[in-house]
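Summary of structural features
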Amino acid sequence: MDFSFKHKRISGILTILPKKAVKFEDEMTNYSFSPAKCMKLKLAMGYNEHRIAEPGQCSSDFCKFGLQYLFDNNLLNKDEIDALLFVSQSADYYMPPTSNLIHGHFGLKQDCLCLDINQGCAGFELGLIQAFLLLEQPAVKKVILMNADVLSPKVSDQDRNSKPLIGDAAAITIVEKGEEENPIYANIKMDGTGAMVLNIPAGGFRMPSTPETAVMEQDAAGNFRSKNNLVMQGDDVFNFVQREVPPMIEHLYVQSGVDRNEVDWYMFHQPNKFMLHKLADKLGIPHEKMPANIVENFGNASGVTVPTCISYNLGDQLVNGKMRLCMAGFGVGLTWSSIMMEMGSLQFNKIIEF
Amino acid sequence: MEELLEKLAEILEVEEIDVNKKFTDYEEWDSLTALSVLAMLDSDYNTSMKASEIISFNNIEAFCKEVLSR
């Protein structure tokens, strides 16, 4: 499904990372792999260090910390917030919505739309599309997009599929109406037949958490997980990404009329280095135009990886200049989405720690 | 088939592949080498398989025949 927007812009990106960094080497004894095999895994996937929230820290806490930072530094005015989007797979409660809790925490104005969206790896793109759609309304001038996930507590320590790459993080993106035309092209596709390729079996209404769902079981590859843990069919995810993402980007070139060489940066979701290099090769994009350094430095925090990649790799370059970005997310749902737009003259684009 | 066998030998870190063996007979076979095979099928043979499908073949010869027939 294709979308196009005009007179909208991103005016700031703030990424909030946990202070605690964990090294791959410190966790690899938990995996049913020899040390030599572990080092091969590390090298192939680009694992090194990932950021993990402290026990008790929820994804909403990272959002609150980031918003407080923006208020304190006069980068955002409370009264300007017309919509508050919280895109996450780690809400505080089933009810109420986490966005409402954050709204209440700061005493935001009542003329404000709060919306929780359950989405993962394509959460930045889906969140932006939702923000742009809201901004079509005269009453909505500024949308705060919060992407946040603290999923590390849901990943088994003995799961080498997911543990070495998981990261916790949040990002706050300010999206607003703009004077300039600034055409934006976006697309999104879904395949619900693959919905369980990435899932957490227990803990919802379908299968409540019980002592039985907490029992650790071994899978064919030697990983131990309980039904309370996140589980990923790695081969299905790999095949899905390699099958669907390249045609989506080829379509985005046609949709936007932008040639692949006119794109300054490819800011893609960061599953691991291996998958990103394969994607770049398939699309004929030089590796240096598609940064793949988020998993090795911070871990994969689902929908937060694209803003993290932008904050980490571009920083003040997007404050002082303007660039054409091709962004893409793909994963849980299954969902895949991409956006072509120019971004620049941001008020801020940085990483802070909580 | 020669070329495919050479690629498999490289992934499994052996001099030569015994086509009568199964993937799981090889010491190096695990989730990481399975992913390498998936990636090789995708980039060099423009096809895909599930990891469980790869190990379901009676031997590597049957796997190769299937890949090359696609």
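All residue numbers refer to position in the chain's written sequence, counted from 1. Starting at A for chains and at 1 for ligands, labels are handed out in the order in which the entities are written. Predicted model: local features are reported for residues with pLDDT of at least 70 only, side-chain atom pairs are reported and counted for 80 or more only, and whole-chain, interface and lining totals are derived from all residues.

**Topic: the overall build of chain A**
If you tally the helices and strands in chain A, you get 10 helices and 17 strands. Here the C-alpha atoms of chain A give a radius of gyration of 19 Å, agreeing with the 20 Å that 2.2 N^0.38 yields for 354 residues. C-alpha extents for chain A along the principal axes are approximately 55 × 45 × 35 Å. When each of the 354 residues of chain A is scored for burial, the buried share is 48%. The contact criterion used here is simple: two residues whose C-beta atoms, placed from the backbone, lie within 7 Å are in contact. Here the analysis covers contacts within chain A between residues at least 6 apart in sequence; of these, 79% occur between residues at least 24 apart. Every helix listed is a DSSP run of H or I at least four residues long, and every strand listed is a run of E at least two residues long, numbered separately from the N terminus. In this treatment the radius of gyration is a C-alpha quantity, and the globule benchmark scales as 2.2 Å times the residue count to the 0.38 power. The exposure scheme places C-beta atoms from the backbone and then counts, for each residue, the other C-beta atoms within 10 Å of its own, assigning buried at 20 or more, exposed at 12 or fewer, and partly exposed in between.

**Describing the overall build of chain B**
Looking only at helices and strands, one finds 4 helices and 0 strands in chain B. Ordered by position from the N terminus, the helices and strands of chain B form the series α-α-α-α. If you line up chain B on its principal axes, its C-alpha atoms span 25 × 25 × 20 Å. Counting only contacts in chain B whose residues sit at least 6 apart along the sequence, the fraction spanning at least 24 positions is 49%.

**Observations concerning helix H2 (residues 35-45) of chain A**
One turn of an α-helix holds 3.6 residues; hence residues three or four places apart share an orientation. Burial in H2 of chain A covers these residues: Cys38, Leu41 and Met45 of chain A. All buried residues of H2 of chain A project into a common sector of 55° when viewed along the axis, lining one side. H2 of chain A presents Pro35, Ala36 and Leu43 of chain A as exposed residues on the side facing more than 90 degrees away from its buried surface. Each element contacted by the buried residues of H2 of chain A is listed here: helix H7 (273-283) of chain A together with helix H2 (31-45) of chain B. The positive-phi residue at the C-terminal boundary of H2 of chain A is Gly46 of chain A, with phi of around 75°. The directions from the helix axis to the C-beta atoms form the arc being described.

**Things to note about the nonpolar core**
Core analysis: the largest hydrophobic core is formed by 121 residues, its most contacted members being Leu85 and Met146 of chain A. Setting aside anything within four residues of it in sequence, one finds Leu85 of chain A in contact with Ser99, Leu115, Ile117, Gly127, Gln130, Ala131, Val143, Ile144, Leu145 and Met146 of chain A. Core membership is restricted to buried Ala, Val, Leu, Ile, Met, Phe, Trp, Tyr and Cys residues, and these are joined into a nonpolar core through C-beta atoms within 7 Å.

**A short note on the interface of chain A and chain B**
The interface of chain A with chain B comprises 13 residues on the first partner and 12 residues on the second. Within the residue set of the side of chain A that touches chain B, elements represented by two or more residues are H2 and helix H6 (234-256) of chain A. The element that contributes the greatest number of residues to the side of chain A that touches chain B is H6 of chain A, accounting for 7 residues.

**Comments concerning the sheet that holds strand E16 (residues 335-344) of chain A**
Residues and elements named next belong to chain A. Note: two strands are recorded as paired if DSSP finds a minimum of 2 bridges between them. Judged by pairing direction, the sheet is mixed, and its 5 strands sit side by side in the order E1-E9-E16-E15-E14 without closing on themselves. Edge positions in the sheet fall to strand E1 (2-5) and strand E14 (265-268), since each of these pairs with one other strand and no more. Each adjacent strand pair in this sheet contributes to an overall mean axis angle of 20°, direction not counted. Structural elements are reduced to axes, namely lines fitted to C-alpha atoms, with helices fitted over the stretch in contact, and the angle between N-to-C directions of any two is expressed from 0 to 180 degrees.

**Concerning helix H3 (residues 59-72) of chain A**
Residues and elements named next belong to chain A. Along its 14 residues, H3 runs 20 Å from first to last C-alpha, staying within 8% of the 20 Å computed at 1.5 Å per residue. Among the residues of H3, those classed as buried are Ser59, Ser60, Asp61, Phe62, Cys63, Lys64, Gly66, Leu67 and Leu70. In this structure, the buried side of H3 is in contact with strand E2 (8-17), helix H4 (98-106), strand E7 (142-149) and strand E8 (169-177). At the C-terminal side of H3, Asn74 shows a positive phi close to 55°. For a helix, the expected span equals 1.5 Å multiplied by the number of residues minus one.

**Topic: the pairing of E16 of chain A**
Residue and element names in this part refer to chain A. Most of E16 sits inside the fold, with 8 of its 10 residues counted as buried. Alignment of strand E9 (residues 184-190) against E16, held across 6 bridges, turns out to be antiparallel. The residue bridging Tyr185 from the neighbouring strand is Met340, located in E16. Across 10 bridges, strand E15 (residues 322-331) lies against E16 in antiparallel orientation. By the bridge assignment for E16, Phe330 is matched with Trp336. From the end of E15 to the start of E16, which pair antiparallel, there are 3 residues, and Gly333 there has a positive phi angle of about 140°.

**Thoughts on the sheet that holds strand E5 (residues 83-87) of chain A**
All names here are of chain A. Taken in spatial order, the 6 strands make up an open sheet running E6-E5-E7-E8-E2-E17, and their pairing is mixed. If you trace the sheet from one side to the other, it starts and ends with strand E6 (113-117) and strand E17 (348-353), each paired once. Here the strands of the sheet are splayed against their neighbours by 15° on average, with no regard to which way each runs. The pairing of E7 with E8 spans 8 bridges and is antiparallel. Counted as the bridge partner of Leu145 is Thr173 from E8.

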